[in-house]
Amino acid sequence: MRERSTRARLERLIALDIGGEPDMKAMLAGHTMLIGLLLAQQTHDIYAGIPVSNRVEINALAREQQAQLKSLIKRLQSAPDLVRDLMFASPATLGQ
């Protein structure tokens, strides 16, 4: 079955042991954090009468949230390399 949501796709990769569990779990945690920040910003914007977008006002975040976001971005800098490696990996490399 083809997964449609990003979360389900990442969970499926973890279940299939593809991509390295620590990297995939970091991506899943990052996705969860980003969705949470986005929804909080959109809720704020709705109540403030601001048109909803996919932007998060970084300066409005608590210092701890800013630090977590910075750490997340640093951790996910390897994502393009990981995706490229997975795209061109042989089935034997992926454990299939």
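Computed from a predicted model, the values in this text were never measured in an experiment.

Asks: Can you walk me through the overall build of the protein chain in this structure?
Replies: For the protein chain, the count of helices and strands is four helices and zero strands. In terms of overall dimensions, the protein chain has a C-alpha envelope of 55 × 30 × 20 Å along the principal axes. A total of 96 residues make up the protein chain; the buried ones form 22% of that total. In the protein chain, once contacts between residues fewer than 6 apart in sequence are set aside, the share between residues at least 24 apart is 48%. In the structure as shown, the protein chain presents an accessible area of about 7400 Å², 57% of it carried by carbon and sulfur atoms. Side chains of the protein chain give 12 positive and 10 negative charges; the mean places of these two sets differ by 3 Å.

Asks: I'm lost on the nonpolar core in this one. Help?
Replies: Generally speaking, a soluble globular protein has its nonpolar side chains buried in company with each other. Formed by L10, M24, M27, L28, A79 and L82, the largest nonpolar core amounts to six residues. Elements that contribute at least two residues to this core include exactly helix 2 (21-48) and helix 4 (79-87). In terms of residue count, the dominant contributor to this core is helix 2 (three residues). Not counting chain neighbours up to four residues away, the residues in contact with M27 comprise L10, L76, A79 and L82. In terms of nonpolar packing, the next biggest core, distinct from the first, is built from five residues, L37, L61, L69 and L72 among them.

Asks: Even after reading the chapter, I still don't get a nonpolar patch on the surface, so can you show me in this structure?
Replies: A surface patch of nonpolar side chains, amounting to about 360 Å² of accessible area, comprises V83, M87 and F88. By the element assignment, M87 lies in helix 4.

Asks: What should I look at first to understand the environment of I18 in this one?
Replies: Following the sequence through the fold, I18 ends up in the loop between helix 1 (6-15) and helix 2. Placed 68 residues apart in sequence, I18 and L86 show a C-alpha to C-alpha distance of 8.0 Å.

Asks: Teacher, can you tell me more about the packing of helix 2 against helix 4 here?
Replies: In helix packing, the relevant descriptors are the interaxial angle and the interaxial distance, both defined with respect to the helix axes. Their axes nearest at 12 Å, the elements helix 2 and helix 4 cross at an angle of 125°. It follows from the interaxial angle that helix 2 and helix 4 lie oblique. When the axes of helix 2 and helix 4 are compared, the crossing they make is left-handed. Residues D23, M24 and M27 of helix 2 form the contact with helix 4, whose participating residues are A79, L82 and L86. Grouping the amino acids of the contact of helix 2 with helix 4 by side-chain chemistry returns five nonpolar, no polar and one charged.

Asks: Before we go on, may I ask you to explain the pattern of salt bridges in this structure?
Replies: In a structure, side chains of opposite charge can pair up when their charged atoms sit close to one another. Enumeration according to the criterion identifies three salt bridges in this entry. R7 is the partner of E11 in a salt bridge, and the nearest nitrogen-oxygen pair spans 3.2 Å. Pair noted here: E11 and R7 are both in helix 1, with a separation of four residues, about one helical turn. Judged by its relative accessible area of 36%, R7 is partly exposed. Taking the shortest distance from any N to any O, the salt bridge between D23 and R75 comes out at 3.4 Å. On the criterion of sequence distance, the pair formed by D23 in helix 2 and R75 in helix 3 (residues 63-75) is long-range, its members being 52 residues apart. In this structure D23 comes out as partly exposed when scored by relative accessible area, which is 27%.

Conventions we followed
Residues numbered from 1 in each chain as written. Predicted model: local features only at pLDDT ≥ 70, side-chain atom pairs only at ≥ 80, totals over all residues. Heavy atoms only, no water. Helix = DSSP H or I, 4+ residues; strand = E, 2+ residues; numbered from the N terminus. Buried < 20%, exposed > 50% of the residue type's maximum accessible area, 1.4 Å probe, protein only. Contact = heavy atoms within 4.5 Å. Areas by Shrake-Rupley, 256 points an atom, 1.4 Å probe, with all protein chains shown as cover. Lys, Arg positive; Asp, Glu negative; His and termini not counted. Charge placed at Lys NZ, Arg CZ, Asp CG, Glu CD. Core = buried A, V, L, I, M, F, W, Y, C linked by side-chain atoms within 4.5 Å. Patch = residues over 30% accessible without salt bridge, like charges linked within 9 Å, V, L, I, M, F, W, Y side chains within 5 Å. Salt bridge = Lys/Arg side-chain N within 4 Å of Asp/Glu carboxyl O. Axes fitted to C-alpha atoms, helices over the stretch in contact; angles between N-to-C directions. Parallel < 35°, antiparallel > 145°, perpendicular 65-115°, else oblique. Left-handed = near helix turned anticlockwise from the far one by under 90°. Nonpolar A, V, L, I, M, F, W, Y, C, P; charged D, E, K, R; others polar.

These values are about where atoms sit, not about what they do.
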